[in-house]
Amino acid sequence: MRVLVADDSVLFREGLVRLLGEGGHEVVAQLGDADALLDGVEELRPDLAVIDVRMPPTMTDDGARAAGRLRERHPHLPMMLLSQHVETRHSVALVAGGGFGYLLKDRVLRVDDFLEAVRRVGAGGSALDPDVVGALLARPALSVLTGRENEVLALVAEGHSNASVAGRLHLAERTVESHMRSIFGKLGIADTGEHHRRVLAVLAFLGNRRVT
Amino acid sequence: MRAPVGRGTISAMVARRPVRMAPVAAFVAGAAGQLAYSFAGPGDPIALTAVVLGVLAVPVVLGALLGARTPHNPVGPALSWVGAAPAVVFAVENWGARPGSGPLGVVAPGVWVWNLAGFVALCLVFPDGLLPGARWRRAAWLTGAAGVVVNAAGAVAVDTAPAPVLAGAAALAFGTCLAALGTAVAALVRRYRRGGEVTRQQLRWLVLGAGTVPVLLAAGWVAQSFGASPAVAYTGFLLAMLLAVPAAVIVAVLWYDLFDVDRLLGESLSWLATTVLSAAVFAGVVAVGGALGADSRLGVTGAAFVTALALQPLHRRLSELVGRLVDRDRYVRLARLRAFVRAVRDGEAAPERTETVLRTVLDDPGLRLLLRAPGADHVERSGRPPEHTIPLRSGDADVGVLALGTVSARRLRRAREAAVEARLPIEVARLQLQLRDALREVSASRLRLLEATAAERRKLERDLHDGAQQRIVAVGMRLRSLQRTVAPAASRELDVAVESLEATIAELRRLAQGIRPSLLDDGLPVALRALVADSPIPVELAVADVPASDAVATSVYYLVAEAFANALKHAGAGRVRIAVSGDPDRLRVEVADDGVGGATADLPSVRDRIAAVGGTLEVHSPPGDGTTVIVEIARARTGR
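The model shown is predicted, which means the values in this text are computed figures rather than measured ones.

### Some details on the overall build of chain B
Line of reasoning, step 1. In terms of regular secondary structure, chain B is built from 21 helices and eight strands.
Line of reasoning, step 2. Burial statistics for chain B: of 640 residues in total, 33% are counted as buried.
Line of reasoning, step 3. Of the contacts formed within chain B by residues at least 6 apart in sequence, a portion of 68% connects residues at least 24 apart.

### Considerations on the interface of chain A and chain B
Line of reasoning, step 1. On the side of chain B, 36 residues touch chain A, which itself brings 30 residues to the contact.
Line of reasoning, step 2. Those elements that place two or more of their residues in the side of chain A that touches chain B are helix 1 (10-22), helix 6 (130-136) and helix 10 (194-211) of chain A.
Line of reasoning, step 3. Counting residues per element, the side of chain A that touches chain B draws most heavily on helix 1 of chain A, which supplies seven residues.
Line of reasoning, step 4. In terms of residue class, the side of chain A that touches chain B is made up of 13 nonpolar, seven polar and 10 charged.

### Digging into the pairing of strand 5 (residues 100-104) of chain A
Strand residues, when the strand is regular, have side chains that alternate between the two faces of the sheet.
Residues and elements named next belong to chain A.
Line of reasoning, step 1. Among the five residues in strand 5, five count as buried, and that is most of the element.
Line of reasoning, step 2. The side-chain alternation of strand 5 yields two buried faces, one formed by F100, Y102 and L104 and the other by G101 and L103.
Line of reasoning, step 3. Note: strand 4 (residues 79-83) against strand 5, five bridges, orientation parallel. In the strand pairing of strand 5, M79 is matched with F100.
Line of reasoning, step 4. Where strand 5 and strand 6 (residues 126-128) come together, three bridges link them in parallel fashion. Counterpart to F100 in the pairing with strand 6 is S126.
Line of reasoning, step 5. With helix 5 (residues 111-122) bridging strand 5 and its parallel neighbour strand 6, the resulting β-α-β unit is left-handed.

### Comments concerning the sheet that holds strand 1 (residues 368-371) of chain B
All names here are of chain B.
Line of reasoning, step 1. An order of 1-3-2 is seen for the three strands of this open sheet, with the pairing classed as antiparallel. Of all strands in the sheet, those bounded by a partner on one side alone are strand 1 and strand 2 (389-394). The sheet shows a mean angle of 25° between the axes of neighbouring strands, taken without regard to direction.
Line of reasoning, step 2. Relative to strand 3 (residues 397-403), strand 1 runs antiparallel, the two being bridged by four bridges. Each bridged residue has a counterpart across the sheet, and for L369 the counterpart in strand 3 is L402.
Line of reasoning, step 3. Relative to the sheet, helix 16 (residues 409-421) contacts strand 2 and strand 3, its axis offset from that of strand 2 by approximately 20°.

### Some words on helix 1 of chain A
Line of reasoning, step 1. Compared with the 18 Å implied by 1.5 Å per residue over 13 residues, the 18 Å span of helix 1 of chain A between its first and last C-alpha is a close match.
Line of reasoning, step 2. Residues of helix 1 of chain A that are buried include every one of F12, R13, G15, L16, L19 and L20 of chain A, and no others. Take helix 1 of chain A and look down its axis: the buried residues cluster within an arc of 165°, on one side only.
Line of reasoning, step 3. Elements in contact with the buried residues of helix 1 of chain A: strand 1 (2-6), strand 2 (26-31), strand 3 (48-52) and helix 5 of chain A together with helix 17 (423-483) of chain B.

### Notes on the confidence of the model for chain B
Residues and elements named next belong to chain B.
Line of reasoning, step 1. The predicted model of chain B averages 79 in pLDDT, with 86% of residues at 70 or higher.
Line of reasoning, step 2. Within chain B, strand 6 (residues 586-593) carries the highest mean pLDDT (92), whereas helix 10 (residues 230-233) carries the lowest (67).
Line of reasoning, step 3. Segment residues 1-15 is flagged for pLDDT under 50; beyond a separation of four residues in sequence, or across chains, it makes one contact in the model.
Line of reasoning, step 4. Quick note on the complex model: pTM equals 0.49, ipTM equals 0.75.

### Side note on the nonpolar core
Here is a general trend for soluble globular proteins: nonpolar side chains tend to be buried in one another's company.
Line of reasoning, step 1. Counting 102 residues, the largest nonpolar core has V50 and I51 of chain A together with L528, V556 and V560 of chain B as its most contacted members.
Line of reasoning, step 2. In this view, V556 of chain B contacts L524, A548, V580 and V589 of chain B; residues no more than four positions away in its chain are not counted.
Line of reasoning, step 3. Grouped together as the second largest cluster of nonpolar side chains are 57 residues, L53, V75, V89 and L203 of chain B included.

### Focus on the environment of V28 of chain B
Line of reasoning, step 1. Relative to the helices and strands, V28 of chain B is located in helix 1 (residues 7-40).
Line of reasoning, step 2. With 14 C-beta atoms counted inside 10 Å, the residue V28 of chain B sits in the partly exposed group.

### A few points about the packing of helix 8 (residues 162-169) of chain A against helix 9 (residues 173-187) of chain A
Residues and elements named next belong to chain A.
Line of reasoning, step 1. Relative to each other, helix 8 and helix 9 sit at 110°, their axes nearing to 8 Å. Compared by their axis directions, helix 8 and helix 9 come out roughly perpendicular. Classified by chirality, the crossing of helix 9 by helix 8 is right-handed. Listed contacts from helix 9 to N162, A163, V165 and A166 of helix 8 are E173, V176, E177 and M180.
Line of reasoning, step 2. Here the contact of helix 8 with helix 9 is composed, by residue class, of five nonpolar, one polar and two charged.

Rules of the game
Residues numbered from 1 in each chain as written. Chains lettered and ligands numbered in written order. Predicted model: local features only at pLDDT ≥ 70, side-chain atom pairs only at ≥ 80, totals over all residues. Helix = DSSP H or I, 4+ residues; strand = E, 2+ residues; numbered from the N terminus. Buried ≥ 20, exposed ≤ 12 C-beta atoms within 10 Å, placed from the backbone. Contact = placed C-beta atoms within 7 Å. Nonpolar A, V, L, I, M, F, W, Y, C, P; charged D, E, K, R; others polar. Pairing = 2+ DSSP bridges. Right-handed = clockwise from strand over helix to strand, strands pointing away. Axes fitted to C-alpha atoms, helices over the stretch in contact; angles between N-to-C directions. Expected span 1.5 Å × (residues − 1). Arc of directions from axis to C-beta. pLDDT = per-residue confidence, 0-100. Core = buried A, V, L, I, M, F, W, Y, C linked by C-beta atoms within 7 Å. Parallel < 35°, antiparallel > 145°, perpendicular 65-115°, else oblique. Left-handed = near helix turned anticlockwise from the far one by under 90°.

Have a look at this one:
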């Protein structure tokens with residue numbers, strides 16, 4: 001994949017570039033601020049943009065806001081947001097279109113998991129950090145979902161397939177499928193294609209949690 | 001080189017001059033006519049003419065001075081005409097009385113009416129020009145026309161005319177004359193009724209002076225009908241019109257309210273009464289002494305002694321009595337003020353109401369009680385000129401000023417009196433102001449400290465994330481790169497090393513979270529949801545996204561964290577309910593559990609924090625019935 005990396009920390013950026021290179025990806029540009037990121041995407045049309053949330057000029061959430069604008073201009077550009085700590089403000093809106101990942105920066109140290117997440121996002125899937133999902137899916141006492149269904153949905157929100165969820169929870173894949181059906185039913189999501197439904201389930205759940 | 005003089009300036013200057021100078025010129029012409037007549041022989045002796053002219057000169061000069069002082073006010077010229085018109089009239093009468101005097105002889109019989117011209121004009125324009133509106137402009141022209149009509153009637157009603165013509169002319173003359181005088185009176189009355197207090201006081205002086213004029217004129221007519229010579233009969237009228245009226249006008253316009261008639265009257269009356277009563281006491285004692293057969297010298301001495309004893313209290317009582325009768329306003333005013341002061345002393349009235357009470361009592365809605373702000377080295381007069389203010393002092397300290405909305409000598413005296421009377425509530429109000437200011441400053445500085453701490457924590461948190469944490473990740477990545485090139489045994493070692501780095505990063509993240517919960521950036525709902533995410537017991541979370549300042553949100557977060565931790569640790573609660581609700585003006589937080597209750601913990605660590613953002617904290621914890629912590633914060637958006 002042709003990857004564009006936007007991060008103002010040179011040390012981290014170089015490590016990331018080397019890591020992506022070793023993973024077989026071509027880094028087409030290394031940029032240090034949000035404006036350069038917007039221009040770089042227009043110019044180079046990469047297959048994936050890896051974006052630091054906190055970047056110049058304001059050093060708050062410029063990266064995340066730039067990602068939002070990129071999503072408007074290029075709905076199909078896969079993006080992987082990286083952050084030093086959990087922020088949830090922008091993820092809910094961005095996760096909707098697919099091709100979106102949000103990881104804490106130290107996840108890159110689990111190189112294989114990270115490269116897998118990069119691949120998944122590049123292919124139009126999603127990858128959400130367990131901590132981010134945890135922050136979004138705080139355990140609601142009056143939830144319509146059972147504890148097991150919550151666990152399943154949390155893993156789905158991270159971007160895992162049914163098989164992967166089954167492996168992690170030591171369940172049969174059919175059991176996971178039945179949990180998913182139950183979740184779709186409880187959340188009132190119509191049958192409109194498997195991938196779309198999964199994203200909608202995650203969104204409905206995240207959106208629901210945001211309000212209560 | 002001479003500076004060119006602007007044509008416009010000159011014409012503007014001369015444009016107003018003729019109006020002011022016309023009566024002076026008329027007076028000079030009239031005086032010259034009279035003196036010439038006296039020199040020619042037939043008239044009064046030259047000395048009498050000079051005296052008359054001297055008297056007439058008084059209003060002319062006063063009017064000219066007034067005109068110079070207030071050039072836009074027609075009262076000056078009108079006053080001048082009071083003297084100038086008779087000067088001209090007398091000259092015309094003198095010369096017109098001579099046989100064969102031509103046009104003057106025709107005008108002379110009725111010319112007397114112009115004696116009143118200045119007086120009528122004065123009534124129409126006093127104290128600040130003609131009344132507004134076309135009606136009053138027409139009325140002014142009509143009074144002028146009335147003069148012409150009366151004068152013409154006089155010219156017709158010569159001795160040789162037939163009786164009906166004489167009677168008709170007389171009726172016409174008196175009717176028109178009455179109409180003109182009525183108009184003048186109507187103007188005065190209208191002004192008095194519509195005018196403010198100052199206008200009324202000014203008019204009062206004019207009425208005082210002018211009221212004598214018609215009375216004395218009538219007296220003159222009566223005296224003349226009893227055969228007195230005109231010179232004697234009209235002397236009083238002329239003196240009143242020429243001296244009393246100008247004096248009243250000058251006093252009213254320039255120094256109205258200076259002599260404060262009420263008080264002069266009141267004091268004179270009370271001394272008069274005291275004197276009379278003392279004399280009566282004296283006489284009574286002497287009489288009683290005489291009746292008892294005492295030595296007359298002893299009687300007189302005793303009487304003097306008794307009178308001296310009685311004098312002081314007698315005068316005080318009489319002053320009060322006379323004051324109640326003559327200056328009832330003042331009596332009522334002081335009584336109301338004293339009642340208010342008593343109420344303040346008894347804690348029944350708030351000293352902050354002093355300004356309102358003074359406004360009502362002094363009947364001055366524009367009055368302001370300006371207290372010196374604590375720490376200020378002078379009193380802020382809010383733009384009032386010093387002559388409108390009364391300084392208030394307590395010992396050597398400037399307490400403030402009483403600024404009046406309407407000013408006159410009488411109002412200043414009354415306000416001074418009131419300020420002395422209301423000393424206590426004024427002083428209390430000032431002290432309260434000081435106290436309130438000090439408290440405000442304390443809570444502001446507490447909030448500033450909290451905000452400074454919050455900013456400091458945020459910076460620390462960022463430094464941790466963007467500095468140390470980032471570097472450790474970078475090192476880890478290098479190790480991972482290195483890992484690809486080393487032997488499997490070394491690779492396992494590196495795995496352990498990187499895992500240790502990951503643990504360090506997690507530790508740093510927890511540390512940063514403790515310094516400042518970064519999820520607060522995403523809003524209170526997100527942060528609180530994350531806070532209870534790992535709860536072992538069910539948590540009912542109802543957090544509205546109420547706009548709140550960083551300081552307020554942080555304080556609420558720590559409050560909920562503390563209350564939640566207590567519910568878990570001490571209360572043995574089975575479930576917890578956390579609710580945040582409200583609007584930008586008022587934020588309400590409630591953390592309730594179903595635990596054992598009886599909590600003694602007062603949450604001291606968060607109580608100060610909540611107080612610093614202007615909030616209140618309540619803990620209800622009846623034994624066996626759970627614990628509820630309620631916090632309310634006003635103006636949560638700004639935190640001030």
